[in-house]
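Observations on the three-dimensional arrangement
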Amino acid sequence: MMQIESQLSRLRLHGMSRTWQALLETRRQHELSLSDGLELLLQAEEQERTNNRFERLRKNARFRYQASVEELTMDASRGMDKALISALATGEYLSKGESVLITGSTGCGKSFLASALGHQACAQGYKVAYYNMQKLLLKTKISRIEGTIDKLFENISKTDLLILDDFGLTHLEKQQQLDLMEMIEDRHGKSSTMIASQLPVASWYDVIGEETIADAILDRLVHTSYRIEFKGESLRKKR
């Protein structure tokens, strides 16, 4: 028995090792056939690796909130379409590289929803990156100074879901317009982008500023996107 435990540990089969120890402690190992026992151990190892992958993806995403789809309140009066949220929770939009645009007043739950859908994507094995828009623009500026901007763009392009929160708080400068254009262009038709903003989509054109760049960015985002428009005042005022 000790030799089996040692081999499982050396092979880093931690899920199998824990389940094997549990079988020994409960003295159930002799009750199972070879095939049943092996199936149980393999299932435990698969679940262990799935959980570890989710935790790694969740940690790397750096979500604003630790949220889940199950925690969402499907209040139609606030603009929460249960059928749409359920469809997004399947992750089909991710496989198609489609966008999700979330708008509404401050404190209405945009960031929480984006975080919940991001967590769901991680649970499905997708790589997610969550950014506050202002911090991302600052990051691109610093990366350009340090000469690492190409690496940053490459890393962002490799994410299955890019979440940009608090979009539109300030107007974009010329270089910021070009940087956003490059990020959106790299992802168009291949990977999904989710944007949360206090401003309605119709106002994004003015935020971006440059007519040609705004046309290009919005053309790639808007026409194949899912829209969630929150209604009502901030939930924080009701607490």
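These lines cover the structure that appears in this document, whether it is placed above or below. (Residues numbered from 1 in each chain as written. Predicted model: local features only at pLDDT ≥ 70, side-chain atom pairs only at ≥ 80, totals over all residues. Heavy atoms only, no water.)

**Comments concerning the sheet that holds strand β3 (residues 161-167)**
Here is the rule: Paired strands, as defined in this entry, are two strands with at least two bridges between them according to DSSP. The helix count covers DSSP runs of H or I at least four residues long, the strand count covers runs of E at least two residues long, and both are numbered beginning at the N terminus. Axis definition: a line fitted to C-alpha atoms, over the contacting stretch in the case of helices. Angles run 0 to 180 degrees between N-to-C directions. Note on contacts: a residue pair is in contact if any heavy atoms of the two residues lie within 4.5 Å.
Here 5 strands make up an open sheet; going across it, the order is β2-β3-β4-β1-β5 and the pairing parallel. Every interior strand has two partners, whereas the edge strands, β2 (128-132) and β5 (225-229), have only one. Strand-to-strand twist across the sheet, computed as the mean angle between neighbouring axes with direction ignored, equals 10°. As judged from the 5 bridges shared by β3 and strand β4 (residues 192-197), these two strands associate in the parallel manner. Bridge assignment links L161 to a residue of β4, and that residue is S192. Packing of helix α6 (residues 110-123) onto the sheet brings it into contact with β1 (99-103), β2, β3, β4 and β5, and relative to β2 it is tilted by some 160°. Lying over the sheet, helix α7 (residues 133-146) contacts β2 and β3, oriented at roughly 95° with respect to β2.

**A closer look at the packing of aromatic side chains**
Given two aromatic rings, one states the distance between the centres and the angle between the planes to describe the pair. Defined as follows: Between 30 and 60 degrees the pair is tilted, below 30 it is stacked and above 60 it is edge-to-face, where a pair is any two Phe, Tyr or Trp rings, Trp via its six-membered ring, whose centres lie within 6.5 Å. Here the term buried applies to any residue with accessible area under 20% of the maximum for its type, exposed to any over 50%, and partly exposed to those in between, with areas from a 1.4 Å probe on protein chains only.
Summed over the entire model, instances satisfying the criterion amount to 3 aromatic pairs. For the pair F63 and Y130, a centre-to-centre distance of 6.0 Å together with 70° between the ring planes defines the contact as edge-to-face. Of this pair, F63 sits in the loop between α3 (34-61) and α4 (82-89) while Y130 sits in strand β2, placing them 67 residues apart in sequence. Residue F63 is classed as buried on the basis of its relative accessible area of 8%. The interplanar angle of 50° and the centroid separation of 5.9 Å between the aromatic rings of Y65 and F112 together place this pair among those described as tilted. Placement of the pair is Y65 in the loop between α3 and α4 and F112 in helix α6, with a sequence separation of 47 residues.

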